[in-house]
Amino acid sequence: MNDYEDKVLEGVYRHIAKAHVDNVAEEFDTLSKKAEKLPYPDELNDWFAEFIKQKRARDRRKKIMDNLHVLSKRVAVFLIIIVLGLVVTTLSVEALRVRVFNFITEVTEKYTSISIVKDDDIVNHAVDWQNYYAPSYTPSGYVFHRSEQFDNLKIIFYQNNSGQIIQFSQTASSTHYQVDTENAEVVDINVRGENGLLIKKEKLSTIVWVEEGMSFSIIGELNDYEIKKMAESIKYFKK
Amino acid sequence: MLVFLMTIENNQSKDILENIYLKYHKKMYYIAYEVLKNEHDAQDVVQTSIIKLLKYIDKINDVECNETKSLIATIVRHTAIDLYRKKKKQPLINYEKASSLADESAPSLDDMVIRLSDAKMLAEQLSKLKSEYADILTLKYYYDFDDKEIAKILGISYGNVRIRLNRAKTKLKKLMTE
């Protein structure tokens, strides 16, 4: 039998089936009087009431679960976007990246410094760079606090118990410095045989000099003697 | 409990199944009772039929149309017959074997199409000959149920659906040649 004949036969069956549906429905309608005469058991009404009650509860639960499912998908997508955004931001913004890595480094090295540090160069053991300069002398009470690096610029911070900070910076000499000299006293000085500047503004002193292709600066609330002594004490460290 | 049902009737949120029950529960019970002649068995049949209807409720859009009435009547009647058969321990295979397939000759397609003007009468004849044949053709070709769904509605095996469907087609073809 070919497809055409199958289709025609299917149409014939469908036509007869429709006639059967109408016949059955017609017969169903005629049952009204007979059905009314037959006593209907109350137990069936009770059963159906309970059945519908349970069905409604199921439908409500299903609706809630469906809504939760849709909501959880949206929340998941939202969280993924947020997390991806944070990761991209963290890895693409250098300042953030450095701070994150520095934080990790600082925690571990504070622990190691307790057992291996020597009195005269406490600062150097706390810095995790391959090549760097650092003062071997720091004024009384100042200890290594943290280090930061932005491209070629390396900065070591020292802090005393009062929370005062000394900032020692080193970078390639081509780096352009901007020092606030407004209403400041600027004096030419000699540091380690090189020309330098001592800038004093209110309590803050800054010393800047260039040596072996590197620019150095020290900033802190220090007197002339202490800041010069610190500058003179820098050493080159290589790991 | 009737108060509860009336509450359902006045409730805008009542669904199709509730409407079906409110409109047709007495007729459903009557059809089941006519087959089984037993109150408790008829109750079981109404309950089973409602559970079956719930599975196909998505196919029902209008509670009062002929399609819905016919489907309800078919489901209730066959659920009752199934229970009756189980109670009497009548194996279905004997029931199916009882119908003879002898002397069927296939009419031409043209003859069948011409006879379609008598569709109502042919459907009646087929139903009188064996209502199960008219029902299975209807479930298959009008309601578009698949064989597994038909097996569940009629309470017969998947294999028997195929056998009964083939016999129904053969009987119908024979009627169309008479």
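Whatever comes next refers back to the structure up there.
All figures in this text were calculated on a predicted structure; none of them were measured in a lab. (Residues numbered from 1 in each chain as written. Chains lettered and ligands numbered in written order. Predicted model: local features only at pLDDT ≥ 70, side-chain atom pairs only at ≥ 80, totals over all residues. Heavy atoms only, no water.)

K.L.:
Explain the overall build of chain B here, please?
P.N.:
Assigned secondary structure in chain B consists of 10 helices and zero strands. Along its sequence from the N terminus, chain B presents helices and strands in the succession α-α-α-α-α-α-α-α-α-α. Of the roughly 8,800 Å² of accessible surface on chain B, a fraction of 50% belongs to carbon and sulfur atoms. (Helix = DSSP H or I, 4+ residues; strand = E, 2+ residues; numbered from the N terminus. Areas by Shrake-Rupley, 256 points an atom, 1.4 Å probe, with all protein chains shown as cover.)

K.L.:
I would appreciate a short explanation of the overall build of chain A in the present structure.
P.N.:
Counting secondary structure elements, chain A contains five helices and nine strands. Listing the helices and strands of chain A from first to last along the sequence gives α-α-α-α-β-β-β-β-β-β-β-β-α-β. Within chain A, the fraction of its 239 residues that count as buried is 33%. When contacts within chain A are restricted to residue pairs at least 6 apart in sequence, those whose partners lie at least 24 apart make up 43%. (Buried < 20%, exposed > 50% of the residue type's maximum accessible area, 1.4 Å probe, protein only. Contact = heavy atoms within 4.5 Å.)

K.L.:
How should I be thinking about helix H9 (residues 147-154) of chain B in this particular structure?
P.N.:
At 3.6 residues per turn, the α-helix brings residues three or four places apart onto the same side. Residue and element names in this part refer to chain B. Of all the residues in H9, the buried ones are Asp-147, Ile-150, Ala-151, Ile-153 and Leu-154. The buried residues of H9 occupy an angular sector of 165 degrees when the element is viewed end-on, so they sit on one face. The exposed set on the far side of H9, more than 90 degrees from its buried face, consists of Lys-148 and Lys-152. Against the buried residues of H9 lie helix H3 (39-55), helix H4 (66-87), helix H8 (131-141) and helix H10 (158-177). (Arc of directions from axis to C-beta.)

K.L.:
Even after reading the chapter, I still don't get the packing of H8 of chain B against H9 of chain B, so can you show me in this structure?
P.N.:
Packed helices, taken two at a time, are described by their axes: the angle between them and the distance between them. All names here are of chain B. At a minimum axis separation of 10 Å, H8 and H9 run at an interaxial angle of 140 degrees. On the basis of the axis angle, H8 is oblique to H9. The handedness of the crossing between H8 and H9 comes out as right-handed. In contact with Ile-136, Leu-139 and Lys-140 of H8, H9 contributes Asp-147, Ile-150, Ile-153 and Leu-154. Its residues assigned to classes, the contact of H8 with H9 shows five nonpolar, no polar and two charged. (Axes fitted to C-alpha atoms, helices over the stretch in contact; angles between N-to-C directions. Parallel < 35°, antiparallel > 145°, perpendicular 65-115°, else oblique. Left-handed = near helix turned anticlockwise from the far one by under 90°. Nonpolar A, V, L, I, M, F, W, Y, C, P; charged D, E, K, R; others polar.)

K.L.:
What am I meant to see in the sheet that holds strand S2 (residues 143-150) of chain A here?
P.N.:
Strand pairing in a sheet is mediated by backbone hydrogen bonds. Such pairs are either parallel or antiparallel. All names here are of chain A. Spatial ordering of the open sheet is given by S2-S3-S4-S8-S7-S6-S5, a layout of seven strands whose pairing is antiparallel. Only two strands of the sheet have a single neighbouring strand rather than two, namely S2 and strand S5 (185-191). Mean inter-strand twist for the sheet, computed between neighbouring axes without regard to direction, equals 15 degrees. Where strand S7 (residues 204-211) lies against strand S8 (residues 214-220), seven bridges are found, and the strand directions are antiparallel. Residue pairing in the sheet places Thr-206 in a bridge with Ile-219 of S8. Packed on one face of the sheet, helix H5 (residues 224-232) meets strand S3 (153-159), strand S4 (165-172), S5, strand S6 (194-201), S7 and S8 and runs near 30 degrees to S7. (Pairing = 2+ DSSP bridges.)

K.L.:
Help me out: how do you make sense of the interface of chain A and chain B in this one?
P.N.:
One frequent convention defines the size of an interface as the accessible area lost when the parts assemble. Contact residues are listed per partner, giving 42 residues for chain A and 54 residues for chain B. Where chain A abuts chain B, roughly 4,700 Å² becomes buried across the two surfaces, and 72% of that area is made up of carbon and sulfur atoms. Our count for the contact surface shared by chain A and chain B stands at seven salt bridges. Residue Glu-26 of chain A is joined to Lys-120 of chain B by a salt bridge in which the shortest nitrogen-to-oxygen separation is 3.5 Å. (Buried area = accessible area lost by both parts, 1.4 Å probe. Salt bridge = Lys/Arg side-chain N within 4 Å of Asp/Glu carboxyl O.)

K.L.:
Can you walk me through the packing of helix H1 (residues 3-29) of chain A against H8 of chain B in this structure?
P.N.:
Orientation of H1 of chain A relative to H8 of chain B, taken along the N-to-C sense of each, is 115 degrees, at an axis distance of 8 Å. Taken together, H1 of chain A and H8 of chain B sit at an angle that is classed as roughly perpendicular. Crossing angle aside, the handedness with which H1 of chain A passes H8 of chain B is left-handed. Across the interface between the two elements, Glu-10, Tyr-13, Arg-14, Ala-17, His-20 and Val-21 of chain A from H1 of chain A touch Ala-134, Asp-135, Leu-137, Thr-138 and Tyr-141 of chain B from H8 of chain B.

K.L.:
I keep staring at the pattern of salt bridges and nothing clicks. Help me out?
P.N.:
When the charged atoms of two side chains with opposite charge come close together, those side chains can pair. What the rule picks out here adds up to 23 salt bridges over all chains. A cluster of three or more residues bridged by salt bridges with shared partners is formed by Glu-10 and Arg-14 of chain A together with Asp-144 of chain B.

K.L.:
Would you mind going over the environment of Leu-175 of chain B with me for this structure?
P.N.:
All names here are of chain B. Counting through the fold element by element, Leu-175 comes out in helix H10. The class for Leu-175 is buried, based on a relative accessible area of 9%. Separated by 49 residues in the primary sequence, Leu-175 and Leu-126 have C-alpha atoms spaced 7.6 Å apart.

K.L.:
Where do I start with the environment of Val-45 of chain B in this structure?
P.N.:
Residues and elements named next belong to chain B. Inspection of the secondary structure puts Val-45 in helix H3. Looking at Val-45, the relative accessible area reads 2%, which means it is buried. Separated by 31 residues in the primary sequence, Val-45 and Val-76 place their C-alpha atoms 6.7 Å from one another. The residues touching Val-45, leaving out its near neighbours within four places in the chain, are Ala-32, Leu-36, Val-76, Thr-79, Ala-80 and Leu-83.

K.L.:
What is the right way to read the packing of aromatic side chains from this model?
P.N.:
Aromatic ring pairs: the centre-centre distance and the angle between the two ring planes describe each pair. Residue and element names in this part refer to chain A. One pass over the full model with this rule turns up 17 aromatic pairs over all chains. Pairing Phe-48 with Phe-51 gives two aromatic rings, centres 6.4 Å apart and planes at 35 degrees, and the pair type is tilted. One end of the pair is Phe-48 and the other is Phe-51, both in helix H3 (residues 42-92) and three residues apart, which spans about a single turn. Residue Phe-51 is classed as buried on the basis of its relative accessible area of 12%. Judged by centre distance (5.2 Å) and plane angle (25 degrees), the ring pair of Trp-209 and Phe-216 falls under stacked. Here the two residues Trp-209 and Phe-216 agree in accessibility, since each one is buried. Members of the aromatic cluster, joined through ring pairs, are Tyr-133, Phe-168, Trp-209, Phe-216 and Tyr-236. If you follow Arg-146 out to its NZ or CZ, it ends over the ring of Phe-157, 3.9 Å from the centre. (Phe/Tyr/Trp six-rings, centres within 6.5 Å; stacked < 30°, edge-to-face > 60°. Lys NZ or Arg CZ within 6 Å of the ring centre and 35° of its normal.)

K.L.:
What is the right way to look at unusual backbone geometry in this model?
P.N.:
Of all residues except glycine, most have a negative phi; of all peptide bonds, most are trans. Positive phi outside glycine occurs at Arg-192 of chain A, with the angle close to 50 degrees. With a phi angle near 55 degrees, Lys-37 of chain B is a residue other than glycine that sits in the positive phi range. Following the sequence through the fold, Lys-37 of chain B ends up in the loop between helix H2 (16-36) and H3. For Lys-37 of chain B, a relative accessible area of 53% translates into the label exposed.

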